[in-house]
Amino acid sequence: GLITPNILKGDDIADRSKADSVGKLLVCVQAFWMAVNIFARKISNLPSTLIEVNVMIHVFLTIAVYGLWWHKPLAV
């Protein structure tokens, strides 16, 4: 048989989105707070552990990805 493409409208996609901007903003604030704490430790001449460096890299990547995917719906 013939398969017809399913055309999704913007409203249909937005209706299926389960992550709102408030949730995404809270994740970004939490990641930023972790970065502030690590920088404060560095300024205070406290040693940084490998896990803190690893978390810092993940924080920067998380904020970058959230910035790029802010309007992307979840699970569509």
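Summary of the structure given here.

Parameters at a glance
- Residues numbered from 1 in each chain as written.
- Predicted model: local features only at pLDDT ≥ 70, side-chain atom pairs only at ≥ 80, totals over all residues.
- Heavy atoms only, no water.
- Helix = DSSP H or I, 4+ residues; strand = E, 2+ residues; numbered from the N terminus.
- Expected span 1.5 Å × (residues − 1).
- Buried < 20%, exposed > 50% of the residue type's maximum accessible area, 1.4 Å probe, protein only.
- Arc of directions from axis to C-beta.
- Contact = heavy atoms within 4.5 Å.
- Salt bridge = Lys/Arg side-chain N within 4 Å of Asp/Glu carboxyl O.

1. Focus: helix α3 (residues 50-68)
Taking 1.5 Å per residue, 19 residues should reach 27 Å; α3 reaches 27 Å between its end C-alpha atoms and fits that length. Looking at α3, one finds that the buried residues are E52, M56 and V59. Down the axis, α3 shows its buried residues gathered within 55° of arc, on one side only. Facing away from the buried side of α3 by more than 90 degrees, the exposed set consists of L50, I51, L61 and L68. On its buried face, α3 sits against α2 (21-43).

2. Considering the pattern of salt bridges
Scanning the entire structure with this criterion turns up one salt bridge. The residue R41 makes a salt bridge to E52 at a minimum N-O spacing of 2.9 Å. Taken together, the residues R41 in helix α2 and E52 in helix α3 connect sequence positions 11 residues apart. Judged by relative accessible area, R41 falls into the partly exposed class, the value being 28%.

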